[in-house]
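Spelled out from the first residue to the last, the chains are:
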Amino acid sequence: MSSVSRRIASISPSATLAVDAKAKALKASGVDVISFGAGEPDFPTPDAVVEAAIQACKDPVNYRYSSTSGLVEFRQAIVDKTRRDCGLGYDPSQVLVTNGAKQAIANTFATLLDPGDEVLVSSPYWTTYPESIALAGGVSVFIPTDETTNFQCSIEQLEKARTDRTKALLFVSPSNPTGSVYSKDSMEQIGKWALDNGIWVITDEIYGHLVYGQAKQHSIVSLVPGLEDQSVIINGVSKTYAMTGWRIGWMIGPKQVIQAATNLQSHETSNVANVSQRAAIAALGMDLESIEKIRNIFDQRRIKIYSMLSNIEGVSCVEPQGAFYIFPSMKNFLGKQIKGKVANTTSELCEIILNEIAVAVTPGEAFGTPGYIRFSYALGDEELVEGINRLTTLLA
Ligand code: PLP
């Protein structure tokens, strides 16, 4: 008899974390690895946030269990932030604080899906979504997109994929892994389509502050009156405030859904660490200027990496408009000799890149889209330039 249940045995390990772990292990063994694998900012958590955590550690009020749904002050801060950034008016009872946005996603699928319920997911997708949907008994229905539509799906595609079992649409803008940002009009159309068809919208807005150039961030929920009754907003502090290790996220939605998700979480993990919640209150209290500084740094790197990758013959690139990823097509290099080796898949190509030039990147296979590679540009400027220079030489 197998020791691991079929349900859990079917989960693949996170490919993005695996690339990062391999890069870190190589680095630890003395190899000069440049990693474009990490899905986390390279900045330290802001001082004010760390200071709030230090103070919280000294206050015995934080040593005990607290409410599963989150500290009331923190939920109020989340409500205030959501009003400021999206113009949406929620009550703190509509917020559940989670261990990172990842748990908010898992909670949401577990709360909304019955076995066999279908969720529309456009691909390339962030690697966790399909696993989380499957664990909740749901079925992912993938909507393929590519660079010709800037990795965005259309109403026609959504309509074609819709069945009697379609329960929800997973919507993410800005996107990981493509950096694509939907326009206000497209968001409005998609939100209206979902509302008209009684389809839940799960909107992952974790990269909401990181949009560049002409792109503007909107919450799909704010653009379609009534959609708030059939949508769940996923967000957190991990990316904007360089707080990936603090494990703070949240979900916002109709009271009934949040209450049910809170019941679930009460048996799984209870409250999120109080010290982290207090730190996150300080993060949300920071003015938008501090976020602007981080956004500007990412923007400069985005411009740099886009121009450097576009200059490599055979690499075909869409300019990303959000998050901190770029997702070029590498199809031209498949089946060709690179340093005496031939890669037939982008997974193999990434192996060659890591082994030959010590540059870590994540293959499109991790995001359901072979033929592409994801570069995270959340690394220092000099490393970024050195890494792409190494790649340019390798692929010449
Ligand atoms: N949503 C997206 C699109 C992400 O890229 C990530 C992390 O990479 C998350 C959610 C998870 O964020 P957290 O670290 O807060 O769990």
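Our subject is the structure that appears above.
Draft legend 1. Geometry of the nonpolar core. Phe36, Leu309 and Phe375 are the most contacted members of the largest nonpolar core, which has 66 residues in total. Each residue touching leucine 309, except ones within four places of it in the same chain, is listed here: Val315, Cys317, Ile326, Pro328, Phe375, Ile388 and Leu391. Within the second largest apolar cluster, 45 residues are counted, among which are Ala77, Phe171, Ala194 and Ile220.

Draft legend 2. Layout of the site of the ligand. Taken together, 13 residues lie near the ligand, and Asn176, Asp204, Tyr207, Ser238 and Lys239 sit nearest. Within the side chain of tyrosine 207, an N or O atom sits 2.7 Å from an oxygen atom of the ligand. In the model, an oxygen atom of the ligand is placed 2.6 Å from a nitrogen or oxygen of the lysine 239 side chain. Against a free-state accessible area of 400 Å², the protein chains account for coverage of 93% of the ligand. In terms of residue count, helix α5 (residues 100–112) provides more of the shell around the ligand than any other element does, four residues in total. For the shell around the ligand, the residue count by class is six nonpolar, three polar and four charged.

Draft legend 3. Geometry of the sheet that holds strand β2 (residues 95–98). With respect to topology, seven strands assemble into an open sheet ordered β2-β8-β7-β6-β5-β3-β4, the strand pairing being mixed. Each edge of the open sheet is held by one strand with a lone partner, namely β2 and β4 (139–144). Strand after strand, the sheet turns through a mean of 20° between neighbouring axes, direction not considered. Where strand β7 (residues 231–236) lies against strand β8 (residues 249–252), four bridges are found, and the strand directions are antiparallel. Note on β8: the bridge partner recorded for isoleucine 234 is methionine 251. Against the sheet, helix α4 (residues 72–86) engages β2, β7 and β8, with an angle of about 110° to β2.

Draft legend 4. Broad picture of the packing of α4 against helix α11 (residues 274–284). Between α4 and α11, whose axes approach to 10 Å, the crossing angle comes to 25°. By the criterion of interaxial angle, the relationship of α4 to α11 is roughly parallel. Pair α4 / α11 crosses with left-handed handedness. Judged by residue contacts, Glu73, Phe74, Ala77, Ile78, Lys81 and Arg84 of α4 engage Gln277, Arg278, Ala280, Ile281 and Leu284 from α11. Taken together, the residues that form the contact of α4 with α11 break down as six nonpolar, one polar and four charged.

Here is what the cut-offs are and how they apply
Residues numbered from 1 in each chain as written. Predicted model: local features only at pLDDT ≥ 70, side-chain atom pairs only at ≥ 80, totals over all residues. Heavy atoms only, no water. Core = buried A, V, L, I, M, F, W, Y, C linked by side-chain atoms within 4.5 Å. Buried < 20%, exposed > 50% of the residue type's maximum accessible area, 1.4 Å probe, protein only. Contact = heavy atoms within 4.5 Å. Near = heavy atom within 4 Å. Polar contact = N/O pair within 3.5 Å; in protein donor to acceptor, adjacent residues only side chain to side chain. Areas by Shrake-Rupley, 256 points an atom, 1.4 Å probe, with all protein chains shown as cover. Helix = DSSP H or I, 4+ residues; strand = E, 2+ residues; numbered from the N terminus. Nonpolar A, V, L, I, M, F, W, Y, C, P; charged D, E, K, R; others polar. Pairing = 2+ DSSP bridges. Axes fitted to C-alpha atoms, helices over the stretch in contact; angles between N-to-C directions. Parallel < 35°, antiparallel > 145°, perpendicular 65-115°, else oblique. Left-handed = near helix turned anticlockwise from the far one by under 90°.

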